[in-house]
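Read off the chains here:
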Amino acid sequence: MGLLRDTGVLTLILVAGVSRPVLAWDAPDLSIDQAQFAFEGRLDGDHLGRRAKSIGDVDGDGFTDLIVTSRFGDGGGTDSGEVYIYSGRDGSLMYEYFGDEPYDELGHRLAVVGDVTGDDRADIVIGAFAADVNGQTDVGRVYLYDGRDGDLIKIWTGEAEGDNFGFSLASCGDLDHDNYNEIVVGAPYNDENGNNAGSAYVISLKRKRILYTYYGNNAGDNFGMHTRGVGDVNRDGYDDFGVGAPGYDSNGNDAGRLYVYSGKSGSQLFTFDGEKTNARLADRFEPYDDINDDGRHDILVSASTGPGLGTDQGVVYVVSGRNGNAIYKKEGEEPGDQFGLRILGGGDMDRDGVSDFIAAAPFSDVNGYQSGRVYVFSGDTGALIMLKSGERAGDQMGRPLGGLWDVNGDGYADLVVGAQYNDGSGEDAGRVYAFSGRSRTTLFLISGEQAGGHFGYSVSSADDLNRDGLPDFCVGSPTEVVNGHSEAGRAYAFCTHPVYLGTTPFTVGKEADVTVTGADAGEDITFYASLNGIGEGPPLPGFGGIVADLLSPVFDIDTIQARDSGEATLTVTVPGWLKGRTVYWQAFARRGHNGNDSVKSNTHAVTVSK
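Residues numbered from 1 in each chain as written. Predicted model: local features only at pLDDT ≥ 70, side-chain atom pairs only at ≥ 80, totals over all residues. Heavy atoms only, no water.

A. Inspection of the overall build of the protein chain at higher detail. Looking only at helices and strands, one finds zero helices and 43 strands in the protein chain. Expressed as a percentage of the 610 residues in the protein chain, the buried residues total 58%. When contacts within the protein chain are restricted to residue pairs at least 6 apart in sequence, long-range pairs at least 24 apart make up 56% of them. Each charge class in the protein chain was averaged separately, 47 positive and 92 negative side chains, and the resulting centres sit 3 Å apart. (Helix = DSSP H or I, 4+ residues; strand = E, 2+ residues; numbered from the N terminus. Buried < 20%, exposed > 50% of the residue type's maximum accessible area, 1.4 Å probe, protein only. Contact = heavy atoms within 4.5 Å. Lys, Arg positive; Asp, Glu negative; His and termini not counted. Charge placed at Lys NZ, Arg CZ, Asp CG, Glu CD.)

The following block contains the structure:
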């Protein structure tokens, strides 16, 4: 039974009594075409998009800019590596950098450091861990470039052949109180204290010199495999930093150790050791907020290959900045899960005033072999507050983590995560998901459009590209075919919205759903459609003068009240006269007095099939 809704030109049959829930994978699937920007690799095997993220305002125009890498680009010779800086205002190319020699792999690591030259423009730090120097292989280098003009300022070089200086590279805050950030650089294969004992260096970018140098204690420690700034853990007013040595034999071979150092003095503050053989703790660790209210930053650290009840089950710890003891310990569910292979802290999903944290187990078999699973834990209590699993075998959901970002502006941090091997739109096409922190439902998906493209290989913050107050993000798809070039790769920048709209396929004579997610419970959602395309349209009455992004004429199809989950679904039966035509959709949520605070969704195009 249906209700005929005739708008004058666009006629649809609205199915009465619609209140159907949105299934997890039927949420709005945003088209890649809706990306704010798309950047393309140039040649076969470039793998553009392995890294893509915001770098700050390089050109001083008030917009955050983006850095994108082609780790295997050939600009300076085979696999020399290429790095590009793009304008966040219009997506234009600002600077490009090539590795000095073949196989340097420039761009394997990056550091976001802000302004270090005093001109109020973000500067650029890039690593080339495999750089050969003076005939010695894999010495490694780190480069500092001026954001104002793109010119090279300084090169730092590893000590010896095989060091892989720059294998890890991170900003570590302002350690010396000169008002500019420092970096901490790892060379995990340095042999100063034995084969592959490793080394790490803290470098002042303002003064352009090394402040502190450290060496691993023993052969095989791989000290410097991972480096990070960790905030102020000893409450002395100076930022501190950490260095991982996953090969350290503290409690058995390769149990691993995390070292935490004072930024003020360079002295060791504490260590945290892996519990068992082959745990390889501190292969990954991340800075975290003060979750126990003692005025000190805490630290997330994992041992993803560490045995819990079985091999490669994985363990994640929240370590106190006060004393180096574990506040929480979380173990993977099954052997082989590699729980903690990716970890991140930050964002308040449960709105209790304490930052929460994410741990991924991309090799979990919960929905088939290596389907993957992602966990969000409360920073306040350690309790599990969200659990999401890959759709099918091989997805490896969580292998790239985006973050806990409030992508619809409702005050709750949402989970953004990738599954680069998802087959939803072709084998290994890839997919990215956003899950609502408020309702725990799926806000939206973005599916890769090429089989083998691995869309979602990287998912990183793009800050606020369009300056609307909502966080935006970048997605890498490094093995897409571009203009006939195999595995040239692409990187995309997406802007977020207060509410999201998507549709199921439109087929003549069949029911189709138009779904909105992310709305406030009980608010009115009005669905609009056009047959003329996407572009600047008319202001719509009752919504505070907001302009539609649909070309005129724009038709008011129906208004539906959002469910408690924030979802609203319009169900229609598609008439035959629309066969072969494209319908363009957008939804509006009426908010505030006289609609003055109203918001609009993304646009969505759907072509009607037979």
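B. Inspection of the domain arrangement of the protein chain at higher detail. Under the domain assignment, the protein chain is made up of domain 1 (32-494) and domain 2 (500-608). The C-alpha centroid of domain 2 is placed 37 Å from the C-alpha centroid of domain 1. At the junction of the two partners, domain 1 supplies nine residues and domain 2 supplies 13 residues. The contact between domain 1 and domain 2 buries some 770 Å² in all, and 41% of this surface belongs to carbon and sulfur atoms. When the buried surface of domain 1 facing domain 2 is broken down by residue, Gln34, Arg438 and Leu443 rank first, second and third, together holding 54% of it. Joining domain 1 to domain 2, the criterion identifies zero salt bridges. Taken together, domain 1 and domain 2 are joined by eight residue pairs in polar contact (both at pLDDT 80 or more). Residue classes in the side of domain 1 that touches domain 2 are distributed as three nonpolar, five polar and one charged. (Domains from an automatic or database assignment. Buried area = accessible area lost by both parts, 1.4 Å probe. Salt bridge = Lys/Arg side-chain N within 4 Å of Asp/Glu carboxyl O. Polar contact = N/O pair within 3.5 Å; in protein donor to acceptor, adjacent residues only side chain to side chain. Nonpolar A, V, L, I, M, F, W, Y, C, P; charged D, E, K, R; others polar.)

C. View of the confidence of the model for the protein chain. Averaged over every residue, the pLDDT of the protein chain is 93; the share at 70 or more is 95%. In this model residues 16-25 is a low-confidence stretch, pLDDT under 50, and it forms 23 contacts with partners more than four residues away in sequence or in other chains. (pLDDT = per-residue confidence, 0-100.)

D. Broad picture of unusual backbone geometry. A cis amide bond links Ser552 to the next residue, Pro553, at an omega of -5°. Looking at the secondary structure, you find Pro553 in the loop between β38 (524-530) and β39 (555-561). Non-glycine residue Asp428 carries a positive phi angle of around 60°. By secondary structure assignment, the location of Asp428 is in the loop between β30 (414-419) and β31 (431-435). Unusually for a residue other than glycine, Asn594 sits at a positive phi of about 55°. Mapped onto the elements, Asn594 comes out in the loop between β41 (582-589) and β42 (599-600).

E. Looking closely at the pattern of salt bridges. Summed over all chains, the structure comprises 23 salt bridges. In this structure, Asp410 engages Arg438 in a salt bridge whose closest nitrogen and oxygen atoms are separated by 3.1 Å. Remark: Arg438 occurs in the loop between β31 and β32 (442-447) and Asp410 occurs in the loop between β29 (401-405) and β30; sequence separation between them is 28 residues. For Asp410, a relative accessible area of 14% corresponds to the buried category. Across the pair Glu523 and Arg591 runs a salt bridge whose closest N-O atoms are separated by 2.9 Å. With Glu523 in the loop between β37 (511-517) and β38 and Arg591 in the loop between β41 and β42, this residue pair connects regions lying 68 residues apart in the sequence.

F. Examining the packing of aromatic side chains more closely. Counted by the stated rule, this structure contains 35 aromatic pairs. Measuring from ring centre to ring centre gives 5.4 Å for Phe165 and Tyr201, while their planes differ by 65°; the resulting arrangement is edge-to-face. Taken together, the residues Phe165 in the loop between β12 (152-157) and β13 (168-171) and Tyr201 in strand β15 (residues 199-204) connect sequence positions 36 residues apart. There is no split in this pair, since Phe165 and Tyr201 are both buried. Ring geometry for Tyr259 and Tyr261: centres 6.2 Å apart, planes at 5°, overall stacked. Its relative accessible area of 4% is what places Tyr259 among the buried residues. Note on Tyr261: relative accessible area 5%, which makes it buried. A connected cluster of aromatic rings, assembled from ring pairs, spans Tyr212, Tyr214, Phe223, Phe241, Tyr248, Tyr259 and Tyr261. Between the NZ or CZ atom of Arg109 and the centre of the ring of Phe167, over which it lies, the distance is 5.8 Å. Taking the ring centre of Tyr328 as reference, the NZ or CZ of Lys330 above it sits at 5.9 Å. (Phe/Tyr/Trp six-rings, centres within 6.5 Å; stacked < 30°, edge-to-face > 60°. Lys NZ or Arg CZ within 6 Å of the ring centre and 35° of its normal.)

G. The pairing of strand β18 (residues 240-245), seen in detail. Taken across its six residues, β18 has six buried, putting it largely inside the fold. The alternating pattern of β18 places Asp240, Gly242 and Gly244 and Phe241, Val243 and Ala245 on opposite faces, both of which are buried. Looking at chain direction, strand β17 (residues 226-231) and β18 are connected through five bridges and run antiparallel. Bridging from a neighbouring strand, Gly229 pairs with Phe241 of β18. Pairing analysis gives five bridges linking β18 to strand β19 (residues 257-261), with the strands arranged antiparallel. The residue bridging Ala245 from the neighbouring strand is Arg257, located in β19. (Pairing = 2+ DSSP bridges.)

H. Inspection of a negative patch on the surface at higher detail. A cluster of like negative charges, contributed by Glu101, Asp132, Asp138 and Glu161, occupies part of the molecular surface. Checked against the element boundaries, Asp132 lands in the loop between β10 (124-128) and β11 (141-145). On the basis of relative accessibility, which here comes to 31%, the residue Asp132 falls in the partly exposed class. (Patch = residues over 30% accessible without salt bridge, like charges linked within 9 Å, V, L, I, M, F, W, Y side chains within 5 Å. Areas by Shrake-Rupley, 256 points an atom, 1.4 Å probe, with all protein chains shown as cover.)

I. Here's a closer look at the sheet that holds β31. In space, the five strands of this open sheet follow the order β3-β32-β31-β30-β29, with mixed pairing throughout. Of all strands in the sheet, those bounded by a partner on one side alone are β3 (29-30) and β29.

J. Highlighting the environment of Val475. Within the fold, Val475 resides in strand β34 (residues 473-477). The spatial distance from the C-alpha of Val475 to the C-alpha of Lys610 is 34 Å, given a sequence separation of 135 residues. When sequence neighbours within four positions are dropped, the list of residues in contact with Val475 reads Val432, Phe455, Gly456, Ser458, Arg490, Ala491, Tyr492 and Phe494.

K. Examining the sheet that holds strand β21 (residues 284-287) more closely. In spatial order, the strands read β21-β22-β23-β24; together these four strands make up an open sheet with antiparallel pairing. Edge strands, defined here as strands with exactly one partner in the open sheet, are β21 and β24 (326-331). Here the average twist between neighbouring strands, direction ignored, is 15°. Note that strand β22 (residues 299-303) and strand β23 (residues 315-319) share five bridges and pair antiparallel. Bridge assignment links Leu300 to a residue of β23, and that residue is Val318. (Axes fitted to C-alpha atoms, helices over the stretch in contact; angles between N-to-C directions.)

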